[in-house]
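# Survey of secondary and tertiary structure
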Amino acid sequence: MKFNTKTIHGGQEHDPAYGSVMPPIYQTSTYAQSTPGGHKGYEYSRTHNPTRNALENAFASIENGKYGLAFGSGLAAIDAVIKLLKPGDEVISTNDLYGGTYRLFTKIFEGFGIKFHFIGMQNADNIESYVNQNTKLIWVETPTNPMMNIIDIKSVSKVAKKHDIILAVDNTFATPYLQVPLDLGADIVMHSATKYLGGHSDVVMGALIVKDKELADKLYFIQNASGAVCGPQDSFLVLRGIKTLHVRMQRHCENGKAVAEYLRTHPKIEKVYWPGFEDHPNHNIAREQMKDFGGMISFVTKGNDYNEAVKIVEKLKVFTLAESLGGVESLSGHPASMTHASIPKEEREKTGVVDSLIRLSVGIEDEDDLIADLKQAIG
Ligand SMILES: *Cc1c(COP(=O)(O)O)cnc(C)c1O
């Protein structure tokens, strides 16, 4: 099955009871048993729920995995991955990272004795010097947030395999429409399904997808034992979202290209970060591992003035100033004061998150309206 078919049919069966085409929302916590242990595969909804299972099968299908797991949020999914580790273990992670992931790693798990190294991974050789016998996990985000660096998943996976380290890739920004990390050597794919997979800014959810049965069993154990599952209503919404993922992504990419090219010619803009530009430092890797370049763009204004950047995001009308990304509607954000506020200023500036950086999640509205909006706001 090809990707555009998998988004609609992958892992899906019509409901056996009445043939409903979409899975019913099984809004139940428990399931009747005819005799102790005599059930139809479902005992309790933290462990299994038919609506959630339908979604988990869709996750596995679109990411070319075998097992999908749905969580109550993206961070809950990451939390489950780190719980594979024990005190003394070490993690090598990209330095230009979603703020909440950084917070979870440093403010929660460092306290449990897990050590994190945040490094630039544009050159995979850089990783090797941080590897020791305690290294158990490499955590990659690509494109990175919000600097749009591209990390070569295949090269990183070679280092991971050589040292028997689990490689996890946060595929939230790219989605499997653009890149399939399991095909490039990753062991775990993670999503904030809140973003493109859900696609309509109406649900918070996380996902993990793996191929390996042993790893899947460990993660299922953690999911059930820790309990950060999502509800059936939210599962239904994300399953519905996935059915249009490919058409939405196609338009996100087209609009993203138009907006990036417009901003690049604007006299008040200093720099535009978008992997589709030929002079983007990792453009060749993006070309190789991604099908297109996505709808996420960051830019910096000339003079790098904090207040001017704030004024621009306040003036935008079609772009809503809001946290999050990946919905049908365009959003703007000011990382220094919003998503990356929890990262110390010196740390964030090292990776390029300066005071005037603005991040756009380009939606699927008419491209002319998006460009007109940027024009009136930037001036
Ligand atoms: C939003 C996001 C997360 C966290 O997901 P939640 O669903 O908000 O918990 C993790 N990684 C990336 C890249 C994100 O954009």
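Cut-off values and rules
Residues numbered from 1 in each chain as written. Predicted model: local features only at pLDDT ≥ 70, side-chain atom pairs only at ≥ 80, totals over all residues. Heavy atoms only, no water. Helix = DSSP H or I, 4+ residues; strand = E, 2+ residues; numbered from the N terminus. Buried < 20%, exposed > 50% of the residue type's maximum accessible area, 1.4 Å probe, protein only. Contact = heavy atoms within 4.5 Å. Areas by Shrake-Rupley, 256 points an atom, 1.4 Å probe, with all protein chains shown as cover. Lys, Arg positive; Asp, Glu negative; His and termini not counted. Charge placed at Lys NZ, Arg CZ, Asp CG, Glu CD. Phe/Tyr/Trp six-rings, centres within 6.5 Å; stacked < 30°, edge-to-face > 60°. Polar contact = N/O pair within 3.5 Å; in protein donor to acceptor, adjacent residues only side chain to side chain. Pairing = 2+ DSSP bridges. Domains from an automatic or database assignment. Buried area = accessible area lost by both parts, 1.4 Å probe.

### What to know about the overall build of the chain
Counting its regular elements, the chain contains 14 helices and 12 strands. In terms of overall dimensions, the chain has C-alpha extents of about 75 × 50 × 35 Å along its principal axes. Out of the 379 residues belonging to the chain, those deemed buried represent 55%. The contacts of the chain with a sequence gap of at least 6 include a subset with a gap of at least 24, amounting to 73%. Counting every atom, the chain has about 16,200 Å² of accessible surface; 51% of that belongs to carbon and sulfur. In the chain, which carries 39 positive and 45 negative side-chain charges, the distance between the mean positions of the two groups comes to 1 Å.

### Considering the packing of aromatic side chains
Within the structure shown, the criterion is met by 10 aromatic pairs. Judged by centre distance (4.5 Å) and plane angle (10°), the rings of phenylalanine 105 and phenylalanine 116 are stacked. Taken together, the residues span a long stretch of sequence, with phenylalanine 105 in helix 4 (residues 99–109) and phenylalanine 116 in strand 3 (residues 115–119) at a distance of 11 residues. Exposure class is identical for phenylalanine 105 and phenylalanine 116. Each is buried.

### Brief notes about the environment of arginine 348
Locating arginine 348 in the fold gives a position in helix 13 (residues 345–350). Residues arginine 348 and aspartate 96, spaced 252 residues apart in sequence, show a C-alpha to C-alpha distance of 8.0 Å. Setting aside residues up to four positions removed in sequence, arginine 348 forms contacts with Ala336, His340, Ile343, Val353, Val354 and Asp355.

### Some details on the side chain of glutamate 63
Along the polypeptide, glutamate 63 turns up in the loop between helix 2 (50–62) and strand 1 (67–71). A polar contact is formed between the side chain of glutamate 63 and the side chain of histidine 191, at a distance of 2.6 Å. Filtering out sequence-adjacent residues up to four positions away, glutamate 63 remains in contact with Asn171, Pro176, Gln179, Val180, Pro181, Leu182, Val189, His191 and Ile209.

### Observations regarding the pairing of strand 1
Summarising burial for strand 1: 4 of the 5 residues are buried, a large majority. By the bridge criterion, 5 bridges tie strand 1 to strand 7 (residues 206–210) in an arrangement that is antiparallel. Note on strand 7: the bridge partner recorded for phenylalanine 71 is glycine 206.

### Some thoughts on the domain arrangement of the chain
Under the domain assignment, the chain is made up of domain 1 (3–242) and domain 2 (246–378). On a C-alpha basis, the centres of domain 1 and domain 2 stand 26 Å from each other. Taken residue by residue, the interface counts 40 residues in domain 1 and 42 residues in domain 2. When the area that domain 1 buries against domain 2 is broken down by residue, the three leading residues are Met147, Tyr177 and Tyr196, summing to 24%.

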